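Results of the structural survey
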Amino acid sequence: MRKLSVLCALLVAMVLTAGVAMAGTLDDIQKRGKLRVGMEPGYMPFELTNQKGEIIGFDVDMAKRMAKAMDVELEIVSTAWDGIIPALLTDKFDIIMSGMTLTQARNMSINFASPYIEIGQSIIVSNKIAGEIKSYKDLNDPKYTVASKLGTTGEQATKRMIGKAKYVSFETEQEGVLDVVNGKIDAFIYDMPYNAVAVSQRGQGKVTHLDKAFTFEPLAWGIRKGDPDFLNWLNNFMYQIKNDGVYDKIYGKWFQSDAWLKEIQ
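Along strand 11 (residues 187–191), 5 of the 5 residues are buried, which leaves the element largely enclosed by surrounding structure. Alignment of strand 8 (residues 121–126) against strand 11, held across 5 bridges, turns out to be antiparallel. Along strand 11, the bridge assignment pairs Ile123 with Ile189. Pairing analysis gives 2 bridges linking strand 9 (residues 145–149) to strand 11, with the strands arranged parallel. Directly across from Val146, in strand 11, lies its bridge partner Ala187.

Written out as structure tokens, the structure reads:
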């Protein structure tokens, strides 16, 4: 009898657990009537703040399209980069859509949908040494001071591949670019799309952009583990928009045109 009671208790627990698993993020979003998206504005052209204080960018337009497909409202939750994964895990929002690179280390704590774009690290070099630097390998020397943003794959790549140079980390991308422009450091290593825009916006004639990426980095949306229904929905959503012209339209707006720069200048 005791064994039977224990077995019944286990079966009840399994049913309850299954019920909790089924009531995942998608159900929460529908009941709430709102999709909560975590991002750190400041990563051009993925997410940034315009002159009106609004958060705009490639990821924002993707999030708007996602919320429309769900028939819910969109809420953008601005979050500091070093706390964005903990914020997701503590249910501050439903999904990270913030130009996050899918790495094996991050994949240990969260799940990723299929990558939506592939980028890599590039280098902004001060013109005072531009003639000496043809690739990241030339910077791997103690006489150079190089930088990236704290807690990013740019920082990881710099420490791993340019480890002999003196390294400086910055809280924001803007600080790093500004120090190269002002000649305080020799190079800034960061994601190629951001560097291309930053050089065009702030560094014309003062810095050189080595725009051939020296790493491979797929960007993907991050969600909490144990939610296969949400993961399935996201992958199917991506498949749809990549084949019906929506993705190409958003991509063209942010990566093949610079008209949006007028909103932040």
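There's more to say after this.
Glancing now at the environment of Ala187. Turning to its location among the elements, Ala187 is positioned in strand 11. When the C-alpha positions of Ala187 and Ser148 are compared, they lie 8.7 Å apart, and in sequence the two are 39 residues distant. With residues up to four places along the chain from it excluded, the contact list for Ala187 reads Ile123, Ile124, Val125, Leu139, Thr145, Val146, Ala147 and Val180.

About the thresholds
Residues numbered from 1 in each chain as written. Predicted model: local features only at pLDDT ≥ 70, side-chain atom pairs only at ≥ 80, totals over all residues. Heavy atoms only, no water. Buried < 20%, exposed > 50% of the residue type's maximum accessible area, 1.4 Å probe, protein only. Helix = DSSP H or I, 4+ residues; strand = E, 2+ residues; numbered from the N terminus. Pairing = 2+ DSSP bridges. Contact = heavy atoms within 4.5 Å.

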